[in-house]
Amino acid sequence: MFNGKLIVFSAPSGSGKTTIVKHLLTQKELNLAFSISATSREKRGEEIDGKDYYFLSTKDFKKHIKAGDFLEWEEVYRDNFYGTLKTEVERIWAMGKHVIFDIDVSGGLRIKKKFPEKTLAVFIKPPSIDELKIRLKKRKTESEDKINMRISKASAELATAPLFDCIIENEILEKAKKNAHTKVLKFIES
Ligand code: 5GP
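A. Just the overall build of the chain, in detail. Helices and strands together make up the secondary structure of the chain, namely 7 helices and 9 strands. For 190 residues, the compact-globule formula gives about 16 Å, and the C-alpha radius of gyration of the chain, at 16 Å, lands near that figure. Of all 190 residues assigned to the chain, the portion counted as buried reaches 46%. Residue pairs in contact within the chain that sit at least 24 positions apart in sequence constitute 68% of those at least 6 positions apart.

Following this line, the structure appears as structure tokens:
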């Protein structure tokens, strides 16, 4: 029988985890599918509903909370809810694939706690808070206010790194990608 695994990538915003997750998704032998989260935040740039996120109104998001539809959810930033629907994991396992998550630190740890044996929880560590600031500014997708909000959350998030199964430093992206690939392959083959 297929033994579906959960691969969690968590990190402060701007650490490069999305780039690493996207890279891993292109690696056929890893047999991964992306867990599309639900969110109440506004769509950014080129994002597509049902591909990057399921974009919901705050009202609908709260309805799902009440109905117990989430595996985990979090008000990551004020009035910006994010969560993993239980149906998302079921959908991916039913396709015979392992699930890869790009979610915040608390959500990642919650999944690890719920499925300790099935989950590999990886923390992506940025070289420094200053570097994080530079990366977020370069991205040009958020206002100064939103960038500051993300930065102020980052220090608290960095402190949770030791709670993860492994920490990958993302100073040189190519190195981080390779490291992530090795760790994920080893875990899904175990
Ligand atoms: P962004 O707005 O940049 O897409 O995401 C903001 C943060 O929310 C990121 O750290 C992202 O990983 C996290 N996030 C995305 N989806 C989920 C989810 O389903 N659950 C939780 N807890 N966090 C999520």
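Structure shown, so let's carry the discussion forward.
B. View of the side chain of Thr-119. Within the secondary structure layout, Thr-119 lies in strand S8 (residues 119-125). Here Phe-115 takes part through its backbone oxygen, which lies 2.7 Å from a polar atom of the side chain of Thr-119. Setting aside anything within four residues of it in sequence, one finds Thr-119 in contact with Leu-6, Val-8, Ile-111, Lys-112, Asp-165 and Phe-187.

C. The site of the ligand, seen in detail. Near the ligand you find 17 residues, and of these Ser-37, Arg-41, Tyr-53, Glu-72 and Tyr-82 are the closest. Within the contact set of the ligand, a nitrogen atom lies 2.7 Å away from a side-chain nitrogen or oxygen of Glu-72. A distance of 3.1 Å separates an oxygen atom of the ligand from a polar atom in the side chain of Asp-102. About the coverage of the ligand: the protein hides 95% of its 510 Å² of free accessible area. Within the residue set of the shell around the ligand, elements represented by two or more residues are strand S5 (70-77) and strand S6 (80-85). If one sorts the elements of the shell around the ligand by residue count, S5 sits on top with 4 residues. Partitioning the shell around the ligand into residue classes produces 5 nonpolar, 4 polar and 8 charged.

D. Seen up close, the sheet that holds S6. The 4 strands are arranged S4-S3-S6-S5 in an open sheet whose pairing can be described as mixed. The strands lining the two open edges of the sheet, one partner per strand, are strand S4 (53-55) and S5. In this sheet, neighbouring strand axes are inclined to one another by 25° on average, regardless of whether the strands run parallel or antiparallel. When strand S3 (residues 37-39) meets S6, the two strands line up antiparallel, connected through 2 bridges. Across the sheet, Ala-38 pairs through a bridge with Gly-83, a residue of S6. Contacting S4, S5 and S6, helix H3 (residues 86-94) runs over the sheet at an angle of about 40° to S6.

E. Main features of the packing of aromatic side chains. With the rule as written, the count across this model stands at 7 aromatic pairs. Linked through ring pairs, Phe-61, Phe-70, Trp-73 and Phe-81 together constitute an aromatic cluster. Against the face of Phe-187 rests Lys-5, its NZ or CZ located 5.0 Å from the ring centre. One Lys or Arg, Lys-118, reaches over the ring of Trp-93 and ends 4.9 Å from the middle of that ring.

F. View of the environment of Ser-35. Structurally, Ser-35 can be placed in the loop between strand S2 (32-34) and S3. Beyond its immediate sequence surroundings of up to four residues, Ser-35 is in contact with Thr-84, Glu-88, Ile-92, Val-99, Ile-100 and Phe-101.

G. How the structure looks around the pairing of strand S7 (residues 98-102). Judged by how many residues are buried, S7 sits mostly within the fold: 5 of 5 residues are covered. Judged from the 4 bridges that link them, strand S1 (residues 6-10) and S7 form a sheet pairing that is parallel. By the bridge assignment for S7, Ile-7 is matched with Ile-100. Sheet topology places S2 next to S7; 3 bridges connect them, and they run parallel.

H. Here's a closer look at the environment of Glu-75. Along the chain, the position of Glu-75 falls in strand S5. The spatial distance from the C-alpha of Glu-75 to the C-alpha of Ser-40 is 9.4 Å, given a sequence separation of 35 residues. Beyond its immediate sequence surroundings of up to four residues, Glu-75 is in contact with Asn-80 and Phe-81. A polar contact is formed between the side chain of Glu-75 and the backbone nitrogen of Asp-79, at a distance of 2.8 Å.

Rules used throughout
Residues numbered from 1 in each chain as written. Predicted model: local features only at pLDDT ≥ 70, side-chain atom pairs only at ≥ 80, totals over all residues. Heavy atoms only, no water. Helix = DSSP H or I, 4+ residues; strand = E, 2+ residues; numbered from the N terminus. Rg over C-alpha atoms; globule rule 2.2 N^0.38 Å. Buried < 20%, exposed > 50% of the residue type's maximum accessible area, 1.4 Å probe, protein only. Contact = heavy atoms within 4.5 Å. Polar contact = N/O pair within 3.5 Å; in protein donor to acceptor, adjacent residues only side chain to side chain. Near = heavy atom within 4 Å. Areas by Shrake-Rupley, 256 points an atom, 1.4 Å probe, with all protein chains shown as cover. Nonpolar A, V, L, I, M, F, W, Y, C, P; charged D, E, K, R; others polar. Pairing = 2+ DSSP bridges. Axes fitted to C-alpha atoms, helices over the stretch in contact; angles between N-to-C directions. Phe/Tyr/Trp six-rings, centres within 6.5 Å; stacked < 30°, edge-to-face > 60°. Lys NZ or Arg CZ within 6 Å of the ring centre and 35° of its normal.

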